[in-house]
Amino acid sequence: MSQPFPVLSDQKQVQRWAITPNSQALAQLAKGIWDCAVQTNQRPLVVLSTAGPLIGVRAALELNRPKDLPSNIAFLPQVISFTDWLEAAPGAWKFPKKQSDLERWLGVYATLRKHKDLQSWFKAETESGAWGLAQAIVKACDTLSTAVSPQLQKQIHEFIQDNRSLQSNLGEIYLSQAQGLLDSTVAKVYAGMARKVVDQETKVLLTFWRYTASVSDPAFRNQFAMAAYLEAAKNANPARPLIWVETADPTPIDQEIIGTLLAEYAQHAPAVEARMSWGDVGLWAEAIGTSDAQAGALRNVKQAHSRGWRLVAAKRFEELAWAAAKTIEQHLIDGKTQLALVAQDRLVARRVRALLSRLGPALNIRDETGWKLSTTRAAAALNSWLEIIKAPKDGPSAKNLLEFLQNPFLDLGKLLNRDAEACIGLIAELEDILVGSRAESGWKTFYLAIEGAQENAAKTSSALPSAALFELLQFVRERHHEWLTLKVDCSKAYAHLQANLQATGMVHSLEKDSAGKQLLDVLKTFDLSKTQYQEAPIRLSEWLSLLKTVIEGASYQEAGKEAKATLSILPLSSTRMRDFEAVVVVGCDEQQLPAYSEPPLFFSDALNQLLKTSTIAMQFVQQARDLSQLLVSCTNVDLLWQSKSNNGEPLRPSAWIQRLQNQIEWEAKTTQLSRRAFEAAPMKMAVAHFEEDLPMPLSMSPSAYKALRDCPYRYYVRSLLGLRKNKEFDEGFDASLAGQTLHKLLKRFYQALKTQEHTNSALKTNSDQRRAWMEQVLSVYSEQEFASLIEGDARVMGALRDWQKQIPSFVDWQLQRELAGWQYFDGEVKVGFDLPFKDVDGNPKIIRIEGYADRYDVNVDNNKLASVIDYKNQRFERVKVRAEHILDDPQLLIYARAANEGQESHKLTGHRVQQAEWVALKADISKGEQKALRSQEVVDMPEMMQQFSEQITEDIEQLWAKKPMQAFAPEGVCQYCEARGICRKGIW
């Protein structure tokens, strides 16, 4: 039950004041504070145990300011949280040097690294595990230090009073004496605790704490701050009255510390302890905690305004999120402007936020649940650079490289010293080259990919890749190399990272971004230049792991903005003594309400009870009180939960809600989301209809014609509309790079063979010498051509070894071909022909059909007779399938007709191609070289040529007639088709 503010007397003892935590709690608190100011004729100091209600208390003080106040107390009383009050202690600069969390982690980590047995004891052999362990040890040691604080508190105060001359400057003698006092106290406590602890890891922790406890620890610095305030109150004339507001239940150890502080402060000035009285508010017996709690809770439930409580059940996650969003939207329509979303289920709360963001800037959403800084795009941009830094010496993966180059904070203009406009499209060009060439990792591979793109552009007379691509790769490679050669310590690593961010222009871009500014502030904590850890040796991987750990632990604070309404997303504990017009709670099922935090590492619930810190039972009581306060204080509260878990099991509402349902008529409502009625219509086969303005092709490659034969719709999407799938890199090594290299080395090999035959006649007459030379040169050339690829990506080594096993069989095939009268003529030859046809109106037209043939041979007996060969980096079985469907994949027929065209001018002029075959570069040599089939000849070549000529003419005429193009390909073609997502094959 609430009590009026006490009448202050001259008795030097703490005054007690009870406040009922209902909707009038803030007004009652504010009136009492003003009463204290009037009684003492001084501006009181108000210290809150938690910072959550700060703004509400200040607003209530302004609203309830009495009239005709004397000028000396007319200003608002000072309201501050306990943590901030301790930090602002008088003479705090003279306290023992405060170490940052980062310095303390480094200190613990250094100890763990020296003693590997500690890491094994704590099951943390990895670097990230060791940093997590260091954090847990620091937190656990702080808990132990807090546990001994009451025993140390009185001794420190007496020690300071007895050594005022030393305390005035807090010199080394004073600090050493205080440390000695601490050591003796810790030793006594350690002896008692060690007898009660049986867990080996906790014993190790106690020993660790015993020898590392320092007067610089936060728990002991707090004692210096309290002593400084008491000393200031003693010397003040008169001292300001102190009002302590207990907004949340303290742990026994905190109550002991605060009780001693208030009792000593009361000797010098009025001290008032304000506590929450739950007798008229608690809706469950555990929230009241007295002997007649059950009857009191029943009475409170009957008197509560339960008409404003609504219980809603949803079956699925998405349904729950939509129901919460629609509920909040209805509150906004009703004119409410101060709303809260209690995130008992954080996943649902995040989904609700995404749905509500569609309402635009009229709704200001403030997330107080601890949104991680690591989830922002600024942190992702920094992480993309960290992935480059820790890449192996051969280079990063193409995926990591592109992620860094595509991050929005990178300033390409500054990086390349060029105009920003000249850099537009540069990264997209690089991505196309790397994806197209399957260059998946390694600096060498990336350079080769760009060089290959240049060679291909020169062949096809297309635009050359930008020269800036090499500069870009070189810039990133140089910085990567600097990190590999840097002898890292904490100071050098920080300075080098800052230099990288400056050179890439990321600092300037991050400063313009809200999350970027906070990220830079987090990075500044790594500036250890004025600490003992500035030259501490550390491995690069350890430092990067620490950096990621710190960023992962940092929270992102959203910038406030003006809006018509505000929605605060917050945990249940943050609703204490705050005014909201409506509150929506998500996650009110039996699994998530109440929610317990796991005991800290090393501490069981029993040990926490021994140390007088927070236990599960205390958390249970506190959450019952928080929920009671919320329901009693707010007129509109919606409690939502998911009635079925993700695996289909039923979920009941929280036991607290079920108990309320037994006492009042309160039924759960099902979600009523509006549904749209529609008639289902089956999809039909995709058919493309030409637009009149769509230009028709004037040239066609063999692959484009194959696409037309495979599926007209596929050709329409890919070749006419120019749509391409956004390709990505596979995790494994792709064989296309190896195939391109094989084509290149085979051309080089045959050119060398032609040259060598002129200088060494024995190669023509001695078959054994010829075989040996071929095998040796092919092997050497293979090593040379694959070397650069292997340097960039070691996985290519497997492709090289597989090919080298094929060399003897391939040489056998070549020798047999020579015995059949065929001699290598030329390779990688660009050939084509003009195909005449008529359009739909009967007008004569011409389309160019051209491509690159892998190889042409001529017959030694008849120099006019030629043969065309196409290499396939495939097994013979797949090559054989091609021969069965040659008219659908007429690549060889195109090359044959192109070579035979009389009007064409190329090296084959005067030759007649009458033979064509595919050659598999992956023959099955396990059956023996004699049985290793490798080549498949086109059967009935003249007849196939005739059918092909008629077919291609008909196909082109139908294409130009703009007939509908259907998606009728078989599943084998559709499986890897880029247009499948458009034509929806599999649905119709």
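Residues numbered from 1 in each chain as written. Predicted model: local features only at pLDDT ≥ 70, side-chain atom pairs only at ≥ 80, totals over all residues. Heavy atoms only, no water.

Undergrad: Would you mind going over the environment of Gln474 with me for this structure?
TA: The residue Gln474 is located in helix H21 (residues 468-485) in this model. Assessed through its relative accessible area of 33%, Gln474 is described here as partly exposed. With 27 residues separating them along the chain, Gln474 and Tyr447 place their C-alpha atoms 9.5 Å apart. (Helix = DSSP H or I, 4+ residues; strand = E, 2+ residues; numbered from the N terminus. Buried < 20%, exposed > 50% of the residue type's maximum accessible area, 1.4 Å probe, protein only.)

Undergrad: Any chance you could explain the confidence of the model for the protein here in plain terms?
TA: When pLDDT drops low, the exact placement of atoms in the prediction is not to be read closely. When pLDDT is averaged along the protein, the result is 84, and 88% of the positions lie at 70 or above. At the low end of the mean pLDDT range in the protein sits helix H7 (residues 164-167), at 45; at the high end sits strand E10 (residues 582-586), at 95. Low pLDDT, under 50, characterises residues 165-174; the stretch is placed with 15 contacts to residues that sit more than four places away or in other chains. (pLDDT = per-residue confidence, 0-100. Contact = heavy atoms within 4.5 Å.)

Undergrad: I keep staring at the sheet that holds E10 and nothing clicks. Help me out?
TA: Across a sheet, paired strands are connected by hydrogen bonds in the backbone, their directions being either parallel or antiparallel. Sheet architecture is open: seven strands sit in the order E8-E9-E7-E10-E11-E6-E12, paired in parallel fashion. On the outer flanks of this sheet lie strand E8 (363-367) and strand E12 (669-670), each paired with one strand and no other. Here E10 runs beside strand E11 (residues 637-642); their pairing, made up of four bridges, is parallel. Note on E11: the bridge partner recorded for Val585 is Leu639. (Pairing = 2+ DSSP bridges.)

Undergrad: Would you take a moment to explain unusual backbone geometry for this structure?
TA: Glycine aside, residues mostly have negative phi, and peptide bonds are mostly found in the trans state. Pro238 follows Asn237 through a cis peptide bond whose omega is -5 degrees. On the secondary structure map, Pro238 appears in the loop between helix H10 (218-235) and strand E4 (242-245). Of note, the amide linkage connecting Leu593 to Pro594 takes the cis form, showing an omega dihedral of 0 degrees. You can see Pro594 is positioned in the loop between E10 and helix H26 (605-610). Although it is not a glycine, Asn41 adopts a positive phi angle of roughly 55 degrees. Secondary-structure assignment places Asn41 in the loop between helix H1 (25-40) and strand E2 (45-48). Phi is positive for Asp68, which is not a glycine, with a value near 60 degrees. On the accessibility criterion, Asp68 (80% relative accessible area) is exposed.

Undergrad: In this structure, what is going on with helix H24 (residues 514-524)? I would like to understand it.
TA: Helical geometry note: an α-helix holds 3.6 residues per turn, so side chains three or four residues apart project in the same direction. Listed in full, the buried residues belonging to H24 are Ala515, Gly516, Gln518, Leu519, Leu520, Val522 and Leu523. Contact partners of the buried residues in H24: helix H16 (377-389), helix H22 (490-503), helix H23 (506-511) and helix H25 (540-553).

Undergrad: Mind showing me how you'd approach the nonpolar core here?
TA: Buried together is how nonpolar side chains tend to be arranged in soluble globular proteins. Core analysis: the largest hydrophobic core is formed by 89 residues, its most contacted members being Leu401, Leu405, Leu434, Leu472, Val476, Leu497 and Trp543. Top element by residues in this core is helix H6 (residues 127-162). It accounts for eleven residues. In this view, Leu405 contacts Leu410, Ile427, Leu430, Leu472 and Val476; residues no more than four positions away in its chain are not counted. Val879, Leu892, Val938 and Trp960 belong to the second-largest nonpolar core, a separate cluster that totals 61 residues. (Core = buried A, V, L, I, M, F, W, Y, C linked by side-chain atoms within 4.5 Å.)

Undergrad: Even after reading the chapter, I still don't get H22, so can you show me in this structure?
TA: Taking 1.5 Å per residue, 14 residues should reach 20 Å; H22 reaches 20 Å between its end C-alpha atoms and fits that length. Among all positions of H22, only Cys490, Ala493, Tyr494, His496, Leu497, Gln498, Asn500 and Leu501 are buried. Two residues or fewer after H22 comes Gly505, characterised by a positive phi angle close to 75 degrees. (Expected span 1.5 Å × (residues − 1).)

Undergrad: What exactly am I supposed to notice about the packing of aromatic side chains here?
TA: The relative placement of two aromatic rings is captured by the distance of their centres and the angle of their planes. Overall, the coordinates contain 22 aromatic pairs when judged by the stated rule. On the basis of an interplanar angle of 10 degrees and a centroid distance of 6.0 Å, the ring pair of Tyr447 and Phe470 is categorised as stacked. Of this pair, Tyr447 sits in helix H20 (residues 443-460) while Phe470 sits in helix H21, and the two are 23 residues apart along the sequence. When its relative accessible area of 12% is taken as the criterion, Tyr447 is described as buried. A residue is classified by how much of its surface remains accessible, and Phe470, at 23% relative accessible area, is partly exposed. Ring centres of Phe526 and Trp543 lie 6.0 Å apart, and the angle between their planes is 75 degrees; on these two criteria the pair is classed as edge-to-face. Of the two residues, Phe526 sits in the loop between H24 and H25 while Trp543 sits in helix H25, which places them 17 residues apart along the sequence. Taken individually, Phe526 and Trp543 each receive the classification buried, so the pair is uniform in this respect. Linked through ring pairs, Phe82, Trp85, Tyr229 and Trp244 together constitute an aromatic cluster. Above the plane of the ring of Phe825 lies Lys754, whose end atom (NZ or CZ) is 5.8 Å from the centre. Lying over the aromatic face of Tyr750, Arg855 brings its terminal NZ or CZ to 4.3 Å of the ring centre. (Phe/Tyr/Trp six-rings, centres within 6.5 Å; stacked < 30°, edge-to-face > 60°. Lys NZ or Arg CZ within 6 Å of the ring centre and 35° of its normal.)

Undergrad: I'm lost on the pairing of E4 in this one. Help?
TA: Both faces of the sheet carry side chains from a regular strand, because those side chains alternate between them. Burial of E4 is two-sided: the residues Leu242 and Trp244 facing one way and the residues Ile243 and Val245 facing the other way are all buried. Direction of pairing for E2 relative to E4: parallel, over a ladder of four bridges. Among the inter-strand pairings, Leu48 is bridged to a residue of E4, identified as Val245. Alignment of E4 against strand E5 (residues 271-276), held across four bridges, turns out to be parallel. What sits directly across from Ile243, in E5, is Val272. Read from E4 through helix H11 (residues 252-265) to E5, the crossover connection turns out right-handed. (Right-handed = clockwise from strand over helix to strand, strands pointing away.)

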